[in-house]
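Residue strings, one per chain:
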Amino acid sequence: MMPLNLLKRYFSPRALEHELEERVPVGPVMEVASHKTVPIHRHSYWYYMGGISLFLFVVQLVSGILLLFHYQPGAESSHASVLRIMTKVDFGWLIRSIHSWGANLMVFFVFVHMFSAFLMKAYQKPRELTWWTGIVLLLLTITFGFTGYLLPWDEVSYFATKIGMDTPVNVAKEAGEMVEKLIPVAGKPLSEAMLWGAKQGPFLLKGGEEITGLTIQRFFTLHVVILPWVFIGVLTVHLILVQIHGNRVPKAIEESKAYRRVPFFPNFFYADLFMWLLTFNLLSTLAALSPWPLGPEADPIAAAPAGIHPEWYFMAQFQILKMLPELVAIGLFTAGFMLWALVPIWDPATTTGRRAKIATYAGILAVAGLILFTLWGYAGLHA
Amino acid sequence: MNENPKPGPTPASPRRGFIQWLLGGLTALYAGCFAYPMIRFLRSGGAEEGGEKVTQITFGEGMKLKPGEFRMFKFGSKPGILIRHSEAEFSAFYASCTHLGCTVSYSHPDRLITCACHGGRYDPVSGKNVAGPPPKPLTPLKVEIATETLMIKV
Amino acid sequence: MSFPVWQVSPALNGSVLIGVVAVFHVFIALLAVGAGIFLPVTEYIARKQGRQDLLEFLRYHTRFFVVLTSVFGAVSGIGIWFTISLVHPAATTALIHKFVFAWGMEYAIFLVEITSLIFYYYGWEKMDASVHQKIGWIYAGSAFGSLFFINGILTYMLTPGQAAMTTVTDASFFQSFFNPGYGPSLIMRLLVALSLAGLFALFVAAKLPHESDLRTWLLRYSAQWLLPSYVLLGIGGLWYLWTVPQESLQALTSGIASAGVGNLSVMTRVVMLVGLFTVSISLMVFFGPYLNPTEFSRWKAGGLLLSALFVTGAGEWAREMLRKPYVIRDFMYVNGVLAATEKGFGPALEDASAYRQSFLSGGGWDAGQDAGAAMFKNQCLACHTLTSYRSLREYLAGRDEAAIHSFLQMLQMGKENPYRRIMPPLIGTPEEVKALAHFLSEQVHPQAAAATAGDPSPGPRTAAR
């Protein structure tokens, strides 16, 4: 009987919990978590978007790690191994389709999350850092998409990367021509310096002048090592900040008091779970009914396929680039994005002033503009 | 702001135990929906992968074939098929069926390259798909006869 | 050739049309069966507990089902008859010969169902409580009865078991009606019906004012209507799969390693989704209305109903796919060719010549038309469209006329035919098959055909050559 008693004493769930608590004191954390509340009102749905983005990131992490078990980066092996995943590996088509569709859904929900945060003015004091870490996460998400796109090494992935890598060089060339015209003597060396500077980034990423096996290797390293760790770090800060400040209640609702607070745990947590299950239903339907395609292997000497166009989340930029000179378009994007990112500085107030109104209109304009130019871009493809 | 009732069944009711049990079962089932494809995915092996792209191999065995015989060979990581039609006539192809990628074989009595998976048939001289599901001809390889040996090239 | 074939448009064939009508009808019919049980059972509970607010809710809830069953259910039911008799008259004829009694009973029972429902709805205030409750039970019984009868006909088409038909006028009934798939299918459909009733009640109850006790009670009560499914749906599903013929099951696993066209991989993918959705709907009901009724909203109930609509449609679709290449298993192929005719040619399955009898010589509706077009209408159109669902333009892209011809010849190879588990055999003389290959090649590569013919307008040409 003695050993049984000892076992009971030291290994009963309660005893183990106690031992663990002494070493890892989670009690205070749970205490804080139990007091966390979420405001519920008619715009509460937007609060799910961040959670859905987070869930999709986890899906990407898991499906990405699984793909690593079969994917072989390299000019000779990238396309062959993805082809093998799609046609020979059990459920390989499923894991890859989940990863590709998941990436698209993640970009989509990150955008929705950002616009909803913008329109609820969740960037205003004291949430500036939450906003900026969010902006960094958005940029990282898009970089994930861009680097991952090359890895299957098929026709479209090759050309998408080529276009992306050439853009800074083209812009520098256009800017250089202008500089040469405007500045008489120093213009020539200045424009050459600009061109040289613009080439450095793509050179470093490509591992040379051309897109080669080394480029796959570098994009791969970014995609599976550097970006994930940076993303997880920034995400942690973002989430801690959200815990500190809580959800932003829109001003009008705050004033009218037309809301109630529910505990995060378990109420809102269950609601989050519900939304994640729904999101995964959507994702698995897309992956199963429309498995992600794989084009023919990239061939650097071949001509670009007719009607080549970027993924939907670059479509608006693509359309604007078609309509304006590259320099002007890129200048506009940069300026617009800087204004967007710096909104906590030019609209810091919590009162409804002129600036707050301008910010709201800017938000609506940005959403409408993105949708308009995206549709325009797709319409242009078939014309 | 109004108070919210704590969700969940009242504690210690017998139904609660049943419900908890069900919830556990459902969660396990859902986890199973993920685990099954993942395990199948990880268990799928592949010995056929190779590194370098091969453009040419020497295949001395090929000279030992009698007319009407064939021999399989490895062209880098991919399978190839060499057929000797007569003393001087050889043909070689990548042996992957253009339908779903099974490895093809040669049937001398019918004078056809055949695929056992879905019944594809190819002409052994031109590689043209003559029957069955294959949408395209087999990809041909060049055969060069040197003294005493035989070279197969892209 | 005994019947005309209806080609709706190049993008729409009969099977797409019937798919749309059938999914709509099945969803409504199962919902109606579930509600037929939900309403009187809940009324019984309400009367026992003396809950006036719940009775009031049920009255409101009933009105919707009057509209649903008597309008949408009835109209879509007629719609199914209309569509199947136009799309597959041969199979319809055969099934009527066999199941005329079951269909007659289904009509009669449906009449009882509608009548009792109308009495049930208008009697909420005017009738004595016990009479009203009794009418409710009649309604529940007749709702279940219509499922009881139609289930025999539906399952027979996939699992005839020992009672496979041999002639079009085969009229043996009971063994056919209670075929191997009858039991598991009835259980599964009943469980789905109860779940749908619960889900729909969730959708309606979510709109009640947040403060009311009734809302919380109803949400948690309705969530429990999915409980039988939690426990039994898995068992029912396994039993069902156990009765499905072996060849059909093999087709089910064909999509594990690849998602390509040319096999039935899409069925694997759809069945996987059905499984995943079934479990996820259960979990969503758990974390949503059951554990967390206050945060449950109509919007979320809509997400649940949409998932349920999807899983019902996908399940029905998979069942239809499992039956391929037959429309009535072991008797009639989807292209109307009889399996018995096929067997009638002696050791025919090995002997390819069995398939080379003339398909068009019998005269009938398409006599005098272009042979290729007639072959296409009678032997391809039952499953394929030119441009959209199972698009021939997509499947045959990259094949020239010779390649199409050799593909068609393969469909005449009996046991050697690798597609015999997916597609029906092709019947026709070498000339007829050649004409079909030419026709398909023209349809699949309209530009090329127009260019070689010097004809600027690519399009179907039906003139005889």
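Residues numbered from 1 in each chain as written. Chains lettered and ligands numbered in written order. Predicted model: local features only at pLDDT ≥ 70, side-chain atom pairs only at ≥ 80, totals over all residues. Heavy atoms only, no water.

A tally of regular secondary structure across chain A gives 16 helices and two strands. Along the first, second and third principal axes, the C-alpha atoms of chain A reach 90 × 60 × 40 Å. Here chain A holds 383 residues, and 43% of them are scored as buried. For chain A, contacts bridging at least 24 residues in sequence account for 77% of all contacts bridging at least 6. For chain A, the exposed area adds up to about 20,200 Å²; of that, 73% sits on carbon and sulfur atoms. (Helix = DSSP H or I, 4+ residues; strand = E, 2+ residues; numbered from the N terminus. Buried < 20%, exposed > 50% of the residue type's maximum accessible area, 1.4 Å probe, protein only. Contact = heavy atoms within 4.5 Å. Areas by Shrake-Rupley, 256 points an atom, 1.4 Å probe, with all protein chains shown as cover.)

With that out of the way, let us pick up the sheet that holds strand β7 (residues 121-122) of chain B. Two orientations exist for strands paired in a sheet by backbone hydrogen bonds: parallel and antiparallel. Residue and element names in this part refer to chain B. Strand order in the open sheet made by the four strands is β5-β6-β7-β8, with antiparallel pairing throughout. Every interior strand has two partners, whereas the edge strands, β5 (105-107) and β8 (129-131), have only one. Here strand β6 (residues 112-114) runs beside β7; their pairing, made up of two bridges, is antiparallel. Among the inter-strand pairings, Ile 113 is bridged to a residue of β7, identified as Tyr 122. (Pairing = 2+ DSSP bridges.)

Turning next to the interface of chain C and chain B. You'll often see interface size given as the accessible area lost when the parts meet. Taken together, the contact pairs 29 residues of chain C with 29 residues of chain B. Across the chain C/chain B interface, buried area totals approximately 2,400 Å², and carbon plus sulfur atoms make up 68% of it. Taken as a group, Val 279, Leu 283 and Phe 286 of chain C account for 18% of the area that chain C buries against chain B, more than any other trio of residues on that side. Our count for the chain C to chain B interface comes out at zero salt bridges. Put simply, chain C and chain B have one residue pair in polar contact (both at pLDDT 80 or more) between them. Elements supplying a minimum of two residues to the side of chain C that touches chain B: α8 (227-243), α10 (265-290) and α15 (401-410) of chain C. Of the residues that constitute the side of chain C that touches chain B, the class distribution is 18 nonpolar, seven polar and four charged. (Buried area = accessible area lost by both parts, 1.4 Å probe. Salt bridge = Lys/Arg side-chain N within 4 Å of Asp/Glu carboxyl O. Polar contact = N/O pair within 3.5 Å; in protein donor to acceptor, adjacent residues only side chain to side chain. Nonpolar A, V, L, I, M, F, W, Y, C, P; charged D, E, K, R; others polar.)

As far as domains go, chain B holds domain 1 (13-45) and domain 2 (56-153). Each of domain 1 of chain B and domain 2 of chain B has a C-alpha centre, and these two points are 49 Å apart. (Domains from an automatic or database assignment.)

For the structure shown, the criterion picks out 70 aromatic pairs over all chains. Ring centres 6.5 Å apart and planes at 75° place the aromatic pair Phe 73 of chain B and Phe 75 of chain B in the edge-to-face group. Taking the relative accessible area as the measure of exposure, Phe 73 of chain B reaches 6% and is therefore buried. When the centroid spacing of 6.4 Å and the interplanar angle of 70° are considered together, the rings of Tyr 221 of chain C and Trp 225 of chain C count as edge-to-face. Note on Tyr 221 of chain C: relative accessible area 12%, which makes it buried. Given a relative accessible area of 11%, Trp 225 of chain C falls into the buried group. Among the aromatic residues, those joined into a ring-pair cluster are Phe 99, Phe 101, Phe 144, Phe 148, Phe 149, Tyr 156, Phe 173, Phe 174, Phe 177, Phe 178 and Tyr 182 of chain C. The ring of Trp 93 of chain A carries Arg 269 of chain C above its face, with NZ or CZ at 5.8 Å from the centroid. Between the NZ or CZ atom of Arg 298 of chain C and the centre of the ring of Phe 203 of chain C, over which it lies, the distance is 4.2 Å. (Phe/Tyr/Trp six-rings, centres within 6.5 Å; stacked < 30°, edge-to-face > 60°. Lys NZ or Arg CZ within 6 Å of the ring centre and 35° of its normal.)

Residues and elements named next belong to chain B. If you trace the six strands from one edge of the open sheet to the other, you get β1-β10-β9-β4-β3-β2, paired in antiparallel fashion. In this open sheet, the two edge strands, each paired with only one partner strand, are β1 (56-58) and β2 (70-75). Within this sheet the neighbouring strands show an average axis-to-axis angle of 25°, counted without direction. The pairing of strand β9 (residues 140-146) with strand β10 (residues 149-153) spans five bridges and is classified as antiparallel. Bridged to Lys 142 within β10 is Lys 153. (Axes fitted to C-alpha atoms, helices over the stretch in contact; angles between N-to-C directions.)

Next up on the list: the interface of chain A and chain C. Across the boundary between the two partners, chain A contributes 28 residues, which contact 29 residues of chain C. For the pair chain A and chain C, the two sides together bury roughly 2,500 Å², of which 71% comes from carbon and sulfur. At the boundary of chain A with chain C, the tally comes to one salt bridge. For the salt bridge of Arg 260 of chain A with Glu 295 of chain C, the shortest nitrogen-to-oxygen distance reads 3.1 Å. Linking chain A with chain C are seven residue pairs in polar contact (both at pLDDT 80 or more), by the criterion used here. For the side of chain A that touches chain C, the secondary-structure elements that each account for two or more residues are α5 (78-87), α6 (92-119), β2 (260-263) and α12 (264-289) of chain A. Element by element, the count of residues in the side of chain A that touches chain C is highest for α12 of chain A, at 14 residues. Class assignment for the residues of the side of chain A that touches chain C results in 20 nonpolar, five polar and three charged.

So, on to the pattern of salt bridges. Residues and elements named next belong to chain C. For the structure on display, the rule yields 16 salt bridges over all chains. A salt bridge links Arg 59 to Glu 125, with the shortest nitrogen-to-oxygen separation between them at 3.7 Å. Of this pair, Arg 59 sits in helix α2 (residues 52-87) while Glu 125 sits in helix α3 (residues 89-126), and the two are 66 residues apart along the sequence. Overall, Arg 59 belongs to the partly exposed group, its relative accessible area being 28%. For Arg 319, the salt bridge is made with Glu 316, and the minimal N-O distance between the two is 2.7 Å. Highlighted residues: Arg 319 and Glu 316, both in helix α11 (residues 298-322), separated by three residues, approximately one helical turn. Residue Arg 319 shares its accessibility class with Glu 316, and that shared class is buried. Look at the salt bridges and you will find they share partners, linking Arg 189, Glu 316, Arg 319, Glu 320 and Arg 323 into a network.

Core analysis: the biggest nonpolar cluster contains 178 residues, and Trp 131 of chain A together with Phe 99, Leu 199, Ile 281, Leu 304 and Ile 328 of chain C have the highest contact counts within it. Looking at which element gives the most residues to this core, the answer is α6 of chain A, with 16 residues. Core analysis: the next-biggest nonpolar cluster, separate from the first, contains 30 residues, Tyr 333, Leu 360, Leu 396 and Val 444 of chain C among them. (Core = buried A, V, L, I, M, F, W, Y, C linked by side-chain atoms within 4.5 Å.)

This paragraph deals with empty space enclosed by the protein. The tally for this structure, following the rule as stated, stands at two cavities of 30 Å³ or more. Roughly 50 Å³ of internal volume is contained in the largest cavity. As for the largest cavity, its lining consists of Ile 19 of chain B together with Ala 223, Gln 224, Leu 227, Tyr 230, Val 285, Phe 286 and Tyr 290 of chain C. For the lining of the largest cavity, the secondary-structure elements that each account for two or more residues are α8 and α10 of chain C. Split by residue class, the lining of the largest cavity holds seven nonpolar, one polar and no charged. As a volume, the second largest cavity reaches approximately 40 Å³. Looking at the second largest cavity, the residues that line it are Leu 154, Thr 155, Leu 158, Thr 159, Gly 181, Tyr 240 and Arg 319 of chain C. Counting residues per element, the lining of the second largest cavity draws most heavily on helix α4 (residues 129-158) of chain C, which supplies three residues. (1 Å grid on protein atoms, 1.4 Å probe; cavity = no way out; pocket = protein on both sides within 12 Å on 5 of 7 lines; lining within 4 Å. Points joined across faces, edges and corners; volume = space filled by probe spheres on them.)

Residues and elements named next belong to chain A. Mapped onto the elements of the fold, Thr 215 is located in helix α10 (residues 213-245). Polar contacts involving the side chain of Thr 215 include one to the main-chain carbonyl oxygen of Lys 206, which spans 2.8 Å. Setting aside anything within four residues of it in sequence, one finds Thr 215 in contact with Leu 150, Leu 205, Lys 206 and Glu 210.

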